[in-house]
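# Working through the structure, step by step
Residues per chain, in single letters:
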Amino acid sequence: MILRDAVHGLVSFEADEERVIPQLIDTPEVQRLRRIRQLGVASYAFPGGEHTRFAHAIGTSHVMKLLISRLRQIHGELPFWQQVTSDRAQDALAAALLHDVGHGPLSHLFEDAILGTKHHEDWTEKIIVDPSTSVHQKLASIDSHMPERVAALIRGEHPLPYLARAVSGTLDVDRCDYLLRDAHATGVRYGNFDLDWLFRSLRFAPALDGQAPGLAIDGAKGLPAIEAFILGRLSMFQQVYLHKATRSAEWMIRTVLKRVSSLIASGVRLVGTPRAIVHAAHGEPPLLADYLELDDAVLTVAMHAWASGPDADLANLSMRVRERQLFKTFELFGEQALAEGRAKALEMARKVARDRGMNPDVFVGLDVASDTPFGDGLGESLLVVFSKGPARQLRDVSFLLGRLAGQEISRVRIIFSPELREDITRVLGS
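Everything in this summary refers to the structure shown in the same document.

### A short note on the overall build of the protein chain
Across its full length, the protein chain holds 23 helices and nine strands. For a compact globule of 430 residues, the expected C-alpha radius of gyration is about 22 Å, and the protein chain comes in at 23 Å, within 12% of that figure. Considered along the principal axes of its C-alpha atoms, the protein chain spans approximately 70 × 50 × 40 Å. Among the 430 residues that make up the protein chain, the fraction classed as buried is 55%. Taking all contacts inside the protein chain whose residues are at least 6 apart in sequence as the whole, residues at least 24 apart take part in 71%. Looking at the protein chain as shown, the accessible area adds up to about 18,900 Å², and 51% of this sits on carbon and sulfur atoms.

### Thoughts on the packing of helix H6 (residues 120-129) against helix H8 (residues 146-154)
Contact geometry for H6 and H8: axes closest at 9 Å, N-to-C directions at 165 degrees. One element, H6, and the other, H8, form an angle in the roughly antiparallel class. You can see that H6 and H8 cross each other, and the crossing is right-handed. Side by side, H6 and H8 meet where Thr124, Glu125, Ile128 and Val129 of the first sit next to Pro147, Val150, Ala151 and Ile154 of the second.

### Some thoughts on the sheet that holds strand S5 (residues 328-332)
An order of S5-S9-S6 is seen for the three strands of this open sheet, with the pairing classed as antiparallel. Both edges of this open sheet fall to S5 and strand S6 (364-371), since each of them pairs with a single strand only. In this sheet, neighbouring strand axes are inclined to one another by 30 degrees on average, regardless of whether the strands run parallel or antiparallel. The pairing of S6 with strand S9 (residues 409-416) spans eight bridges and is classified as antiparallel. Each residue of the ladder has a partner; that of valine 364, found in S9, is phenylalanine 416. Relative to the sheet, helix H13 (residues 244-265) contacts S5, S6 and S9, its axis offset from that of S6 by approximately 125 degrees. Strands in contact with helix H18 (residues 339-355) are S5, S6 and S9; relative to S6, the strand with the most contacts, it is inclined by about 150 degrees.

### A look at the environment of isoleucine 253
Topologically, isoleucine 253 is positioned in helix H13. You can call isoleucine 253 buried: its relative accessible area is 1%.

### Remarks on the packing of aromatic side chains
For the structure on display, the rule yields eight aromatic pairs. Residues phenylalanine 193 and phenylalanine 229 carry aromatic rings whose centres are separated by 5.1 Å and whose planes lie at 85 degrees to one another, so their mutual orientation is edge-to-face. Remark: phenylalanine 229 occurs in helix H12 (residues 223-241) and phenylalanine 193 occurs in the loop between helix H10 (173-186) and helix H11 (195-200); sequence separation between them is 36 residues. Here phenylalanine 193 falls in the buried class, since its relative accessible area comes to 10%. These aromatic residues form a ring-pair network of at least three members: Tyr178, Phe237 and Tyr241. In this structure, arginine 34 packs its charged tip against the face of phenylalanine 54, placed 3.9 Å from the ring centre.

### So, the sheet that holds strand S7 (residues 383-385)
Strand order in the open sheet formed by four strands is S3-S4-S7-S8, with mixed pairing between adjacent strands. Only two strands of the sheet have a single neighbouring strand rather than two, namely strand S3 (202-204) and strand S8 (392-393). Alignment of S7 against S8, held across two bridges, turns out to be antiparallel. Note that in S8 the partner of valine 384 across the bridge is arginine 392. Sheet strands touched by helix H3 (residues 53-74): S3 and strand S4 (215-218). Its angle to S3, the strand with the most contacts, is close to 50 degrees.

### Concerning the pattern of salt bridges
Scanning all chains against the criterion turns up 29 salt bridges. Residues arginine 37 and glutamate 50 are paired through a salt bridge, measuring 3.4 Å at the closest nitrogen-oxygen approach. Within this pair, whereas arginine 37 is found in the loop between helix H2 (28-31) and H3, its partner glutamate 50 is found in the loop between H2 and H3, the two being separated by 13 residues in sequence. The partly exposed category is assigned to glutamate 50, whose relative accessible area is 42%. Salt bridges sharing partners connect three or more residues here, namely Asp5, Asp177 and Arg181.

### Thoughts on the packing of H3 against helix H4 (residues 86-98)
Packing of H3 against H4 leaves a shortest axis separation of 8 Å and a crossing angle of 155 degrees. It follows that H3 is roughly antiparallel to H4 by the angle criterion. Crossing of H3 against H4: the hand is right-handed. For the pair H3 and H4, the contacting residues are Ala57, Ile58, Thr60, Ser61, Met64, Lys65, Ile68 and Arg72 in the first and Ser86, Ala89, Ala92, Leu93, Ala96 and Leu97 in the second. Grouping the amino acids of the contact of H3 with H4 by side-chain chemistry returns nine nonpolar, three polar and two charged.

### A word on H13
Its 22 residues give H13 an end-to-end C-alpha distance of 31 Å, which sits within 8% of 32 Å, the value for a rise of 1.5 Å per residue. The element H13 is extensively covered by neighbouring structure, given that 17 of its 22 residues are classed as buried. Glycine 267 occupies a position one or two residues after H13 and carries a positive phi of about 105 degrees.

The rules behind each value
- Residues numbered from 1 in each chain as written.
- Predicted model: local features only at pLDDT ≥ 70, side-chain atom pairs only at ≥ 80, totals over all residues.
- Heavy atoms only, no water.
- Helix = DSSP H or I, 4+ residues; strand = E, 2+ residues; numbered from the N terminus.
- Rg over C-alpha atoms; globule rule 2.2 N^0.38 Å.
- Buried < 20%, exposed > 50% of the residue type's maximum accessible area, 1.4 Å probe, protein only.
- Contact = heavy atoms within 4.5 Å.
- Areas by Shrake-Rupley, 256 points an atom, 1.4 Å probe, with all protein chains shown as cover.
- Axes fitted to C-alpha atoms, helices over the stretch in contact; angles between N-to-C directions.
- Parallel < 35°, antiparallel > 145°, perpendicular 65-115°, else oblique.
- Left-handed = near helix turned anticlockwise from the far one by under 90°.
- Pairing = 2+ DSSP bridges.
- Phe/Tyr/Trp six-rings, centres within 6.5 Å; stacked < 30°, edge-to-face > 60°.
- Lys NZ or Arg CZ within 6 Å of the ring centre and 35° of its normal.
- Salt bridge = Lys/Arg side-chain N within 4 Å of Asp/Glu carboxyl O.
- Nonpolar A, V, L, I, M, F, W, Y, C, P; charged D, E, K, R; others polar.
- Expected span 1.5 Å × (residues − 1).

This is the structure:
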């Protein structure tokens, strides 16, 4: 299989161990990813951000192929039982392709909005290990134990630490692709980094007590590349993922879904509601087959139906989402952004809505978004090695990463209907 990719150029999967990719691509579960956008509603702010999780899955598989190639260039120093065999490469490629196969529609907001639904990681594992799916059947036809191995690898579990973190980690093939792809699609160049040089600078960290080693960065060559990778992720969160228009649209859709669940649970019948949402609203776990029927288009059609439904507030909000009549935001800083301050600000905004005869649960809300660009163990799991002296942690050899280590970036915003803008801005800004 040979493909042309907007980010990586020519992408091919032709070797024997790579044939698992074209076999899995044609399964219904993977094809469903064509109907789910990678960035959800970010295209409301960045018109080019319409790329799909299918394209990202292909790109992630290609990055895994590049990583495997680099690992084989340097694994000769390891005992053979710690090297990248063809079977291990095949598992890793399958895991890279399937890591998002359980994703719900509209990025991450769906699983947060429908109470009782599993996270997409749980659905991914379910799809891989359930004998009824085509994905499982393809994997099992290669090796009956392959579905369990692939699911474990996606969870970050593998006897070889350097493979365990290749799919699920901070410097993993998932992030390597989505940063480049999201930056390309949105036009935000800050997310670009030198993937080729980053992989070229990979080494194995010193092994301890005969254990398999993890990966490390060549301190003489790779420090600027890993700094660019981490700073690129920071920039993408600041510029794209936490953009006020994106967060506003996500909050509105999340509120739509929560109101739908509440109405259905109280006995209201909403025409056009997907079965998975109906079951979840009644406290019943959605069936896998019903969950796999969900995608961006299905949810968009449902919101179209809700826009002419019996509940006025739901209809109002659904129509605004459909026509991109986004809510406005007021960002909180300093003490106002702390727990007590944000609670006070939210209540002040809700009072404005009540005084105007508008439902504060629908037309006013609090949005808190945060990320730690250099955290979750990267400093300990990815060391820096030099020709002389011991391996060191990234934060100890990089001034930039030393300052960034453990720092959380956050945005705290009050979100509200445009009709309330003048009054809310006045009471919150005073």
